[in-house]
Protein chains: 2
Amino acid sequence: MEVFYYKDITEGIVALPVEESKHILKVLRKVPGDSILITDGHGKLYDVEIVEGGRQCIVNSKFSSVRESGRNYYLHLAVAPTKMMERYEWLVEKCMEIGIDELTPILCEHSERKIIKEERLANIAVSAMKQSKNLYLPKINPLTPFKEFIKRPIEGNKCIGYCESTSKDYYFNKITDGINTMLIGPEGDFSKEELNLAFENGYKGVSLGNTILRVETAAIVACNMVAVKNFNIE
Amino acid sequence: MEVFYYKDITEGIVALPVEESKHILKVLRKVPGDSILITDGHGKLYDVEIVEGGRQCIVNSKFSSVRESGRNYYLHLAVAPTKMMERYEWLVEKCMEIGIDELTPILCEHSERKIIKEERLANIAVSAMKQSKNLYLPKINPLTPFKEFIKRPIEGNKCIGYCESTSKDYYFNKITDGINTMLIGPEGDFSKEELNLAFENGYKGVSLGNTILRVETAAIVACNMVAVKNFNIE
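Residues numbered from 1 in each chain as written. Chains lettered and ligands numbered in written order. Predicted model: local features only at pLDDT ≥ 70, side-chain atom pairs only at ≥ 80, totals over all residues. Heavy atoms only, no water.

1. Structural notes on the overall build of chain A
A count of helices and strands for chain A gives seven helices and 13 strands. For chain A, the spread of C-alpha atoms along the principal axes amounts to about 65 × 35 × 30 Å. Here the analysis covers contacts within chain A between residues at least 6 apart in sequence; of these, 73% occur between residues at least 24 apart. Just so you have it, chain A exposes about 10400 Å², and 51% of that area is on carbon and sulfur atoms. Across chain A, the mean location of the 30 positive side-chain charges is 2 Å away from that of the 33 negative side-chain charges. (Helix = DSSP H or I, 4+ residues; strand = E, 2+ residues; numbered from the N terminus. Contact = heavy atoms within 4.5 Å. Areas by Shrake-Rupley, 256 points an atom, 1.4 Å probe, with all protein chains shown as cover. Lys, Arg positive; Asp, Glu negative; His and termini not counted. Charge placed at Lys NZ, Arg CZ, Asp CG, Glu CD.)

2. Considerations on the sheet that holds strand 5 (residues 58-66) of chain B
All names here are of chain B. Spatial strand order, 1-3-4-5-2: five strands in an open sheet with mixed pairing. Edge positions in the open sheet fall to strand 1 (3-5) and strand 2 (12-15), since each of these has one partner strand only. Going from strand to strand, the sheet's axes swing by 45 degrees on average, the running direction of each strand aside. Note: strand 2 against strand 5, four bridges, orientation antiparallel. Residue pairing in the sheet places Ile13 in a bridge with Asn60 of strand 5. (Pairing = 2+ DSSP bridges. Axes fitted to C-alpha atoms, helices over the stretch in contact; angles between N-to-C directions.)

3. Re the packing of helix 2 (residues 85-98) of chain A against helix 2 (residues 85-98) of chain B
The interhelical angle for the contact between helix 2 of chain A and helix 2 of chain B, taken along N-to-C directions, is 85 degrees, at an axis separation of 13 Å. Taken as axis vectors, helix 2 of chain A and helix 2 of chain B run roughly perpendicular relative to one another. In this structure, helix 2 of chain A uses Glu86, Arg87, Trp90, Glu93 and Lys94 of chain A to contact helix 2 of chain B, whose residues at the interface are Glu86, Arg87, Trp90, Glu93 and Lys94 of chain B. Across the contact of helix 2 of chain A with helix 2 of chain B, the residue classes break down as two nonpolar, no polar and eight charged. (Parallel < 35°, antiparallel > 145°, perpendicular 65-115°, else oblique. Nonpolar A, V, L, I, M, F, W, Y, C, P; charged D, E, K, R; others polar.)

4. What about the nonpolar core?
Formed by 90 residues in total, the largest nonpolar core has its most connected members in Leu77 and Tyr171 of chain A together with Leu77 and Tyr171 of chain B. In this view, Tyr171 of chain A contacts Cys159, Asn180, Met182, Val206, Ser207, Leu208, Ala222, Met225 and Val226 of chain A; residues no more than four positions away in its chain are not counted. (Core = buried A, V, L, I, M, F, W, Y, C linked by side-chain atoms within 4.5 Å. Buried < 20%, exposed > 50% of the residue type's maximum accessible area, 1.4 Å probe, protein only.)

5. Comments concerning the interface of chain B and chain A
It is common to give the size of an interface as the accessible area lost on bringing the parts into contact. Listed as interface residues are 34 residues of chain B and, on the opposing side, 34 residues of chain A. Here chain B packs against chain A, burying approximately 3000 Å² in sum over the two surfaces, 56% of which is carbon and sulfur. Linking chain B with chain A are six salt bridges. Between Arg87 of chain A and Glu93 of chain B there is a salt bridge, with its nearest N and O atoms 2.7 Å apart. At the junction of chain B with chain A, the criterion picks out 18 residue pairs in polar contact (both at pLDDT 80 or more). Here the side of chain B that touches chain A takes eight residues from helix 7 (residues 215-229) of chain B, the largest share from any one element. A class-by-class count of the residues in the side of chain B that touches chain A yields 13 nonpolar, ten polar and eleven charged. (Buried area = accessible area lost by both parts, 1.4 Å probe. Salt bridge = Lys/Arg side-chain N within 4 Å of Asp/Glu carboxyl O. Polar contact = N/O pair within 3.5 Å; in protein donor to acceptor, adjacent residues only side chain to side chain.)

6. Focus on the sheet that holds strand 5 (residues 58-66) of chain A
All names here are of chain A. Read across the sheet, five strands follow the order 1-3-4-5-2 without closing on themselves; strand pairing throughout is mixed. Since the sheet does not close on itself, it has two edges, and those belong to strand 1 (3-5) and strand 2 (12-15), each with one partner. Looking at each pair of strands side by side, their axes are set apart by 45 degrees on average, direction ignored. As defined by bridge partners, strand 4 (residues 44-52) adjoins strand 5 across eight bridges and the pair is classed as antiparallel. Bridge assignment links Ile50 to a residue of strand 5, and that residue is Val59. Here helix 1 (residues 18-27) sits on the sheet and contacts strand 1, strand 3 (35-39) and strand 4; the angle it forms with strand 1, its principal contact strand, is near 155 degrees.

7. Side note on the relation of the copies chain B and chain A
Of the transformation placing chain B onto chain A, the axial shift is 0.0 Å and the rotation is 180 degrees, giving an RMSD of 0.0 Å. With respect to symmetry, the two chain copies, as superposed, fit the operation of a two-fold axis. An overlap of 100% is found between the interface residues of chain B and their copies at the interface of chain A, pointing to a shared contact surface. (Least-squares fit on C-alpha atoms with pLDDT ≥ 70 in both.)

8. Here's the deal with the pairing of strand 7 (residues 102-107) of chain A
All names here are of chain A. Counting buried positions along strand 7 gives five out of six residues, so the element sits mostly inside the fold. Direction of pairing for strand 6 (residues 73-79) relative to strand 7: parallel, over a ladder of four bridges. Note that in strand 7 the partner of Leu77 across the bridge is Leu103. Handedness of the crossover joining strand 6 and strand 7 through helix 2 is recorded here as right-handed. Where strand 7 lies against strand 8 (residues 139-140), two bridges are found, and the strand directions are parallel. (Right-handed = clockwise from strand over helix to strand, strands pointing away.)

Next comes the structure, spelled out in structure tokens:
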């Protein structure tokens, strides 16, 4: 059954937001009496019966289950926006399917793209969450300057992926459980200064393999490595 | 330096194909005297000097180096085409960046798309090869009916990924070195009959994680798992 999203879903009688209501009633032609599933984006799933249509769909919501993420890690990717926004949107969809907890677009010295549409990324994450039945919606932060981000006190395992061919550890071997933060730069890679700043602030330089990956590929590969390293069957 | 591709590149005086010549001379404005790199798509890289322009660019080619793939495995993905061809093209680009040896589009019972443009996929693979400096071009086979493919005598480790929630092993734990063949079905997944045929023919049922991945995501995740499992620093 298709899964819907409403962050404030609780037990009892609930009026759904206009957008979601439109989708349920107009697009999917659901009518009073029909049952649907709604997640709060934090792993909780509700079994709800449509009580009343209209601009805001009224539902009677019963708690159904909690989907354990089956994860003992927290992944925060900080990735420079790609020149083509479409590639960044792919990144969000794919990481969402695989599993990510937080995404921060970072503005780097070599970034050509200096604006992003956060709301659009958030919508893509929601669609991917519904489609993948991954009931955990990641936090998508606003575009943040690299130099601001890098100085933040962040707990756990901090790594930065870059192309410059110095001897680096393979990222997969550096992943820990708990909090993992991974930085990925723009098409022009991080600048020397940015790399040094990262090292000074406790980030380990890592490699994602022997080939040169596009920005969005690097993010998806890193995301998947963390998922594989920490995989537990539910 | 940008890498070009010509499958028949050898040492000595060589006339490049018209298309590649056009790209080198017209798009990149290279002129006689300039040097470029050309790969044969089998790991060999040549350092060539442009001797003469024109419809077919004449070059003087010197062997430069062999890029060891750094891999002790062979990955053959057999993936049903996606409804939206764009998603399949993206799959080809990403798997090419990460590393794949052979791709067979398979026509399944639930496949909505029944045609693919092989040539277009081949061109995407070439672009991705140049961009990622992965000098190994995969073999892209024509669209093959599932029932024909499944009966082929294939050596090595054979797995099939599917959604139906039966207890399955995690793919990463099943990957071996040597030849790995992995099957991924269409949006509607494999049919019961197809799954049984796969099992009868020695394919192990595997899971790619706890969420439902899109076709192209499943292919990229599988490709990356094989790369991680067999990773050797060059």
